[in-house]
Amino acid sequence: MSRYRLNEAGEWVRVEPPKPSLAEAEPSMADYIRQANESSPPSVEAQRHEWKMKGDLPPERIETKEGPRGGRYTEARTKDGRPYRRYF
């Protein structure tokens, strides 16, 4: 919002509000991306905890089975504990 005031000559002069400094400005999308890239990836312990909570085993321990017609699958469990097969 612009404001006006009288100067020494008696003329109306437009006065702009001060612009916020860079420190006060809202973070830009580049700041969010930079922050995400600087954060460290989850630790191995955190990943194992997540797998344990889901009921899955870590990838190196998943047993691949072969179906009667030659298809490969793994046994897994849903978040609520129901068993299902992942085919690939």
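Look above for the structure.
The paragraphs below set out a description of the structure included in this document.

Rules used in this analysis
- Residues numbered from 1 in each chain as written.
- Predicted model: local features only at pLDDT ≥ 70, side-chain atom pairs only at ≥ 80, totals over all residues.
- Heavy atoms only, no water.
- Helix = DSSP H or I, 4+ residues; strand = E, 2+ residues; numbered from the N terminus.
- Buried < 20%, exposed > 50% of the residue type's maximum accessible area, 1.4 Å probe, protein only.
- Contact = heavy atoms within 4.5 Å.
- Phe/Tyr/Trp six-rings, centres within 6.5 Å; stacked < 30°, edge-to-face > 60°.
- Salt bridge = Lys/Arg side-chain N within 4 Å of Asp/Glu carboxyl O.

1. A closer look at the overall build of the protein chain
Counting secondary structure elements, the protein chain contains 2 helices and 5 strands. The N-to-C order of helical and strand elements in the protein chain reads β-β-α-α-β-β-β. Relative to its 88 residues, the protein chain shows a buried fraction of 7%. Relative to all contacts within the protein chain whose residues are 6 or more apart in sequence, the contacts with residues 24 or more apart total 5%.

2. Some remarks on the side chain of Thr74
For Thr74, the location among the structural elements is in strand β4 (residues 72-77). Residue Thr74 is classed as buried on the basis of its relative accessible area of 7%. Dropping the residues within four chain positions of it, Thr74 is found in contact with Ile62, Glu63, Thr64, Tyr84, Arg85, Arg86 and Phe88.

3. Quick word on the packing of aromatic side chains
For any pair of aromatic rings, geometry is given as the distance between the ring centres together with the angle between the planes. Within this structure, the stated rule accounts for 1 aromatic pair. With 5.7 Å between their ring centres and 45° between their planes, Tyr73 and Tyr87 make a pair best called tilted. Of the two residues, Tyr73 is situated in strand β4 and Tyr87 in strand β5 (residues 83-87); the sequence distance between them amounts to 14 residues. Judged by its relative accessible area of 59%, Tyr87 falls in the exposed class.

4. Thoughts on the pattern of salt bridges
With the rule as written, the count across this model stands at 4 salt bridges. Ionic pairing is found between Glu16 and Arg14, a salt bridge with its closest N-O pair at 3.0 Å. Asp31 serves as the salt-bridge partner of Arg34, at 2.8 Å between the closest nitrogen and oxygen. Linking Arg34 with Asp31, this pair stays in helix α1 (residues 29-38), spanning 3 residues, or about one helical turn.

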